[in-house]
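Secondary and tertiary structure notes
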Amino acid sequence: AYLILMLGVGLYTWRYMRSLDDFVLAGRRLGPWVSAISERASGESAWFLLGLPAAAYTLGFREFWSVIGIATGILASWTFLAFRLRTQTERLGALTLPDYFETRFGDRSRLLRVVSMLSILVFYLAYVAAQLDGAGEILNATFGLPSWTGVLIGAGVVAVYTLMGGFMAVALTDLIQGLLMALVAVLLPAVGIITLGGFDGLWATLGAHDPALLTMDAGKTGAAFLFGVAFAGFSWCFGYLGQPHLLTRYMAIRSAGELPKGQAIAMGWVLISYWGAPMIGLVGLAILGPNLENPQQVMPLLAIELLPGWLAGIMIAGATAAMMSTADSQLLVASATVVEDVYVKLFRPDTTPARMVLLSRVVTVLLTLIALVIAHLF
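Source: prediction; values computed, not measured.

**Focus: the packing of aromatic side chains**
Here the structure, examined in full by the defined rule, presents 11 aromatic pairs. Ring pairs connect the aromatic residues Phe61, Phe64, Phe199 and Trp203, which therefore count as one cluster. When the ring centre of Phe105 is taken as reference, the NZ or CZ atom of Arg104 above it lies at 5.1 Å.

Structure, rendered in structure tokens:
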């Protein structure tokens, strides 16, 4: 039902796609709620409800150093990048980051555009492949489907609603997905903690497995703690300062004056959600035990263990949302850079708006197929 809902959003937003500006930035008409929640949802991939709980399941409370770094990076991005990027891209008429770099710095050699475009394509196709692999993990844990079948289902749904509705579909689905992810991050560990008899029960069970799980220093001191534990986790901060699919949310908001409200909404989401995602792994360790064959399945397995089927389905849809909200945004950025930064700017500047949208849809399908090949090979 959740996957069908996402397709419905794509069909609804089809009518808004009249130009490349509509397809790439939704005509710069997103409100602060949609911009902020979709930025957070697209920033938290399948890693948020699969990888992060798995890391906490394996490492314990030391994984909260990553949470601290991530929260710092998100705050810094909204504080130092959002306003300037929103105002300058509108002033320069830039729809993509490669376009912005070339125009902003007057690069007639086209080197900035080409290097930026290649970086986006290479790394984003690998990242989308990882998200599709996450879909396989989720549907395998839930329905027992072969992982590759889950990968194909996830890829099909994401590609269809992205090519139908472009950025507007991506932003609206991300709004739904971001709210659902927050619900999962709060509700699932809360139910688990109650089942264990409160925090005392959780601490006692984890301590019985390994007392080091309850500390943030992993038993390290001095330089080993500072660089091997604290800074290693905190370094996630730097990854949130330049991801194109996040920066496009700043570019698409209705006006720069609404960015402070968007920042408050985004940071509120972080404070609500980011305590819960690693707690899912810790609660899962306490309830499911330390011998899971694949720790990345701790979230769906915990939902199935603790909740009625219908509610477990909603929780698992949240993990699917985490995957889809990143894959769709990265596909959109990658297709935009192929059409705008390569085809239009380098070869056919006279391309009509309708043809740009059509090309963007075709490229979205082609890039999805390439990501599927990468997911299959690796």
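**Considering the confidence of the model for the protein chain**
The share of residues in the protein chain with pLDDT of 70 or more is 97%, and the mean pLDDT across the chain is 88. By mean pLDDT, helix H2 (residues 20-25) is the weakest element of the protein chain at 65, and helix H14 (residues 276-288) is the strongest at 96.

**Focus: the side chain of Ser77**
Along the chain, Ser77 turns up in helix H5 (residues 64-80). For Ser77, a relative accessible area of 2% corresponds to the buried category. Residues contacting Ser77, with those up to four places away along its chain left out, are Ala82, Tyr240, Leu241, Leu247 and Tyr250.

**Notes on unusual backbone geometry**
Positive phi, close to 70°, is recorded for Arg110, a residue that is not glycine. Accessibility expressed as a relative area gives 31% for Arg110, which makes it partly exposed.

**Here we look at the environment of Ala126**
Position of Ala126 relative to the elements: it lies in helix H8 (residues 111-143). With relative accessibility at 38%, the residue Ala126 sits in the partly exposed group. Between the alpha carbons of Ala126 and Leu372 there is a distance of 9.6 Å; along the sequence they are 246 residues apart.

**Section: the pattern of salt bridges**
Applying the stated rule across the entire model yields 12 salt bridges. As a salt-bridge pair, Arg86 and Glu90 come within 2.9 Å of each other at their nearest N and O atoms. Remark: Glu90 and Arg86 occur in helix H6 (residues 82-92); sequence separation between them is 4 residues, near one turn of the helix. Note on Glu90: relative accessible area 46%, which makes it partly exposed. Note that Lys345 is salt-bridged to Glu340, the shortest N-O span being 3.1 Å. We classify Lys345 as partly exposed; its relative accessible area is 30%. Each of the salt bridges in this network shares a partner with another, and the network as a whole consists of Asp99, Glu102, Arg110, Arg113, Glu340, Asp341 and Lys345.

**Quick notes on the nonpolar core**
If you look at the biggest cluster of nonpolar residues, it comprises 99 residues, and the most contacted ones within it are Leu188 and Tyr274. Tallying contributions element by element places helix H16 (residues 309-347) first for this core, with 16 residues. When near neighbours in sequence (up to four residues on either side) are disregarded, Leu188 contacts Leu183, Ile280, Met299, Leu302, Ala303, Leu306, Leu307 and Met315. Residues Phe167, Met168, Ala171 and Ala252 belong to the second largest nonpolar core, which totals 8 residues.

**Observations regarding helix H17 (residues 353-377)**
Its 25 residues give H17 an end-to-end C-alpha distance of 36 Å, which sits within 8% of 36 Å, the value for a rise of 1.5 Å per residue. For H17, the full list of buried residues reads Met356, Val357, Leu359, Ser360, Arg361, Val363, Thr364, Leu367, Thr368, Ala371, Leu372 and Ala375.

Cut-off values and rules
- Residues numbered from 1 in each chain as written.
- Predicted model: local features only at pLDDT ≥ 70, side-chain atom pairs only at ≥ 80, totals over all residues.
- Heavy atoms only, no water.
- Phe/Tyr/Trp six-rings, centres within 6.5 Å; stacked < 30°, edge-to-face > 60°.
- Lys NZ or Arg CZ within 6 Å of the ring centre and 35° of its normal.
- pLDDT = per-residue confidence, 0-100.
- Helix = DSSP H or I, 4+ residues; strand = E, 2+ residues; numbered from the N terminus.
- Buried < 20%, exposed > 50% of the residue type's maximum accessible area, 1.4 Å probe, protein only.
- Contact = heavy atoms within 4.5 Å.
- Salt bridge = Lys/Arg side-chain N within 4 Å of Asp/Glu carboxyl O.
- Core = buried A, V, L, I, M, F, W, Y, C linked by side-chain atoms within 4.5 Å.
- Expected span 1.5 Å × (residues − 1).

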